[in-house]
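Letter by letter, the chains look like this.
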Amino acid sequence: MSYYLGIDIGTSGTKTLLVDVAGRPVASATFGYPLLTPAPQWAEQNPADWWDAVVQGVREILAKSGIDASEIAGIGLSGQMHGSVFLDREDNVLRPAILWCDQRTQAECDWITEQAGRENLPALIGNPVLTGFTAPKIVWLRNHEPDIYARVAKVLLPKDYIRLKLTGVHATEVSDASGTALFDVANRRWSLEMLAAAGIPASWMPDSAESIEVTGHVSADAATATGLAAGTPVVGGGGDQAAGAVGSGIVETGIVSSTVGTSGVVFAFSDTPAADPGLRVHSFCHAVPGKWHTMGVVLSAGGSLRWLRDTFYASETAAAHASGQDVYSLIADEAATVEAGSEGLIFLPYLTGERTPYPDPDARGAFVGLTLRHTRAHFARAVLEGVAFALNDTFLIFQDMGVAISEVRTSGGGAKSPVWRQIHADVTGYAHCTLQVDEGPALGAALLAAVGTGAYATVADACAAAIQTVETSVANSAAHARYGRFNGIYRSLYPALKGEFAAITKAVIS
């Protein structure tokens, strides 16, 4: 029997997943690593930590499964998007990678946008230039660390650094490259115009392939390190959102995903490039060859719930850990004791700035409407509702754009909570379905490997064999109407507070 390996380089850890040809999980392992924050609004990681986690993960799943490494027919890669790994001519890492959630580059974004012309961005790259993206990180390095910049020979995305370690090849694929602000999404190639506008050498960019294409093979050195068989094919894979969409079966028009991990993403399949003229949402290449997707991103979705846990539920978290229980279930149960709308307490989940629909690194979280009646349970529900309101912004933009929505599939940690799923359904008005397996981007990467090595003719065929829906949370019409009243208030708060958020940032750093 043949098996397929999916490797997902996440922000908190790397997940390694082994599946059979039907996409059934055989073994998995996750190894974490630190997030470095050497200055306010900065977020970095050491690429060596990712590789160590891959080595440990592969060795663990080989031990757990008991299979021979030669039975792995293909490997797919996924990972956090937008991060910048700077390499010299000998492929040495020059500094810690700057990550997707890093917010230091607003000045560089403004400069690139001016050089390219904001009015030209929809045609050139289909997206705005945002602080999370790769291009402004490169320009920031030029502006602030010129000695390191002078030694750069290649810039890789996180998963593609692992590809280099596995195969010795500098390569990426179209879905991840779409998030660099240097890629012509409509034509699925590097944008020479944007590279020129930003003053970035085209030679620094790796070759770009479709997500199912074989980009290299496991080298002898990587085989020794990991226990994999030398010569195992490694396909392009996908950025975490595109690969996660494959792992959720978002491979045809009308099926939309709503994923709540650290960040939150609403993702829609598209047969054609669908750039938003207002640049409110992202238009990227899909991991499905010749297809695209549109998505909105909330930077602190599950991250907001984790903040709530750490701030309000420290003792419960310790007790739950000791007893093997899930503290998030306790939080959701407590939130369920409060009626929809949290008696007017509204939460803005902008704890790490925001992206959709407000590309603002200065945006901050806020509770509005607090009274003496509000308890910890109200705060819990307000956080769950605030994240749902934030994700609903993307659903509303999709409606403006005419994006078809016939089914919403939900995944990630937030999908595990029936309470939170129901809130999402009630806020958006769309039923939310769960899947029989929720392995996220790692599963999508493994399925892409199965397609790329010939087990399936198309990505849709692989998804049809591997993915089924199991539960549906149907929107409650009365709750949806009630949330409609609060959602209007929620949407008015950011414009009212935008100036104050910027003033706070200046006050903090001055």
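For the structure given in this document, a descriptive report is provided here. (Residues numbered from 1 in each chain as written. Predicted model: local features only at pLDDT ≥ 70, side-chain atom pairs only at ≥ 80, totals over all residues. Heavy atoms only, no water.)

## A few points about the sheet that holds strand 18 (residues 282-285)
Then step 1. The strand order 18-19-17-16-22-23-24 describes an open sheet built from seven strands, whose pairing is mixed. Edge positions in the open sheet fall to strand 18 and strand 24 (469-473), since each of these has one partner strand only. Put simply, the sheet's adjacent strands are angled 30° from each other on average, direction ignored.
Then step 2. Looking at chain direction, strand 16 (residues 254-260) and strand 22 (residues 405-411) are connected through six bridges and run parallel. Note that in strand 22 the partner of S258 across the bridge is T410.
Then step 3. In the packing of helix 10 (residues 240-247) onto the sheet, contacts are made with strand 17 (264-270), strand 19 (292-298) and strand 23 (432-435), and the angle to strand 17 comes to roughly 70°. (Pairing = 2+ DSSP bridges. Helix = DSSP H or I, 4+ residues; strand = E, 2+ residues; numbered from the N terminus. Axes fitted to C-alpha atoms, helices over the stretch in contact; angles between N-to-C directions. Contact = heavy atoms within 4.5 Å.)

## Description of the layout of surface pockets
Then step 1. Roughly 770 Å³ of internal volume is contained in the second largest pocket.
Then step 2. Surrounding the second largest pocket, 30 residues form its lining, C101, S300, L351, T352 and G353 being those nearest its centre.
Then step 3. Elements with a contribution of two residues or more to the lining of the second largest pocket: helix 11 (302-312) and helix 18 (477-509).
Then step 4. If one sorts the elements of the lining of the second largest pocket by residue count, helix 11 sits on top with four residues.
Then step 5. Looking at side-chain class alone, the lining of the second largest pocket contains 14 nonpolar, twelve polar and four charged residues. (1 Å grid on protein atoms, 1.4 Å probe; cavity = no way out; pocket = protein on both sides within 12 Å on 5 of 7 lines; lining within 4 Å. Points joined across faces, edges and corners; volume = space filled by probe spheres on them. Nonpolar A, V, L, I, M, F, W, Y, C, P; charged D, E, K, R; others polar.)

## Overview of helix 10
Then step 1. Within helix 10, eight of the eight residues are buried, leaving the element largely enclosed by the surrounding structure.
Then step 2. Trailing helix 10 by a residue or two, G249 shows a phi angle of about 75°, which is positive. (Buried < 20%, exposed > 50% of the residue type's maximum accessible area, 1.4 Å probe, protein only.)

## Description of empty space enclosed by the protein
Then step 1. One pass over the full model with this rule turns up two cavities of 30 Å³ or more.
Then step 2. Taken as a whole, the largest cavity spans an internal volume of roughly 60 Å³.
Then step 3. Along the walls of the largest cavity sit T134, V155, L156, L157, D160, T172, T180, L182, W190, M205 and P206, which together make up its complete lining.
Then step 4. Considering only residue class, the lining of the largest cavity consists of seven nonpolar, three polar and one charged.
Then step 5. Here the second largest cavity is characterised by a volume of approximately 40 Å³.
Then step 6. Together, P128, L130, L279, R280, V281, H282, R355, T356, P357 and P359 line the second largest cavity.

## Focus on the environment of K154
Then step 1. Secondary-structure assignment places K154 in strand 8 (residues 154-156).
Then step 2. Taking relative accessible area as the criterion, K154 reaches 17% and is therefore assigned buried.
Then step 3. Measuring from C-alpha to C-alpha, the distance between K154 and R89 comes to 7.6 Å, with 65 residues separating the pair along the chain.
Then step 4. The contacts of K154, once residues within four sequence positions are left out, are V85, F86, L87, H170, S203, W204, M205 and P206.

## Some remarks on helix 6 (residues 158-167)
Then step 1. Within helix 6, nine of the ten residues are buried, which leaves it mostly tucked inside the rest of the structure.
Then step 2. Listing the buried residues of helix 6 in full gives P158, K159, D160, Y161, I162, R163, L164, L166 and T167.
Then step 3. With its phi angle positive at about 80°, G168 sits one or two positions after the end of helix 6.

## Focus on unusual backbone geometry
Then step 1. Residue T356 is joined to P357 through a cis peptide bond whose omega torsion reads -5°.
Then step 2. A positive phi angle is found at D91, which is not glycine, with a value near 65°.
Then step 3. Within the secondary structure, D91 sits in the loop between strand 6 (85-87) and strand 7 (97-98).
Then step 4. The partly exposed category is assigned to D91, whose relative accessible area is 25%.

## Description of the packing of helix 11 against helix 12 (residues 314-323)
Then step 1. Running from N to C, helix 11 and helix 12 cross one another at 100°; their axes reach a closest spacing of 5 Å. As far as their axial angle goes, helix 12 and helix 11 are roughly perpendicular. Touching R309, D310 and F312 of helix 11 are A314, E316 and T317, all from helix 12.
Then step 2. In terms of residue class, the contact of helix 11 with helix 12 is made up of two nonpolar, one polar and three charged. (Parallel < 35°, antiparallel > 145°, perpendicular 65-115°, else oblique.)

## Details of the packing of helix 2 (residues 106-116) against helix 4 (residues 134-144)
Each packed pair of helices is defined by two parameters, the angle between the axes and the distance between the axes.
Then step 1. The interhelical angle for the contact between helix 2 and helix 4, taken along N-to-C directions, is 110°, at an axis separation of 9 Å. With respect to each other, helix 2 and helix 4 are oriented roughly perpendicular. Only A135, P136, V139, W140, R142, N143 and H144 of helix 4 make contact with helix 2, whose side of the interface consists of E108, C109, W111 and I112.

## Section: the pattern of salt bridges
Two side chains bearing opposite charge may form a pair once their charged atoms approach each other closely.
Then step 1. According to the stated counting rule, one finds 25 salt bridges in the structure shown.
Then step 2. Between R24 and D20 there is a salt bridge, and its shortest N-O distance comes to 2.9 Å.
Then step 3. A salt bridge links E339 to R482; its shortest N-O distance comes to 3.3 Å. Of this pair, E339 sits in the loop between helix 13 (327-335) and strand 20 (346-348) while R482 is found in helix 18, placing the two residues 143 residues apart along the sequence.
Then step 4. Residue E339 is classed as partly exposed on the basis of its relative accessible area of 46%.
Then step 5. Here R482 falls in the partly exposed class, since its relative accessible area comes to 25%.
Then step 6. It is possible to trace a salt-bridge network through shared partners that takes in E44, R95, D102, R104 and E145. (Salt bridge = Lys/Arg side-chain N within 4 Å of Asp/Glu carboxyl O.)

## Here we look at the pairing of strand 5 (residues 72-79)
Then step 1. A large share of strand 5 lies buried, amounting to seven of its eight residues.
Then step 2. Taken together, the seven bridges between strand 1 (residues 3-9) and strand 5 define a ladder with parallel strand orientation. Across the sheet, I7 pairs through a bridge with L77, a residue of strand 5.
Then step 3. Sheet topology note: the strand 5/strand 15 (residues 238-239) ladder contains two bridges and is parallel. Within the sheet, the bridge partner assigned to S78 lies in strand 15 and is G238.

## Let's talk about a nonpolar patch on the surface
Then step 1. Taken together, the side chains of I504, V508 and I509 make up a nonpolar region of the molecular surface, amounting to roughly 280 Å² of accessible area.
Then step 2. Tracing the sequence through the fold places I504 in helix 18.
Then step 3. Under the relative-accessibility criterion, I504 is labelled partly exposed at 36%. (Patch = residues over 30% accessible without salt bridge, like charges linked within 9 Å, V, L, I, M, F, W, Y side chains within 5 Å. Areas by Shrake-Rupley, 256 points an atom, 1.4 Å probe, with all protein chains shown as cover.)

## Focus: the packing of aromatic side chains
Then step 1. Counted by the stated rule, this structure contains 17 aromatic pairs.
Then step 2. Taken together, a centroid distance of 4.8 Å and an interplanar angle of 35° make the contact between F347 and F367 tilted. Here the residue F347 occupies a position in strand 20, and F367 occupies one in strand 21 (residues 366-368), the gap between them amounting to 20 residues.
Then step 3. The buried category is assigned to F347, whose relative accessible area is 1%. (Phe/Tyr/Trp six-rings, centres within 6.5 Å; stacked < 30°, edge-to-face > 60°.)

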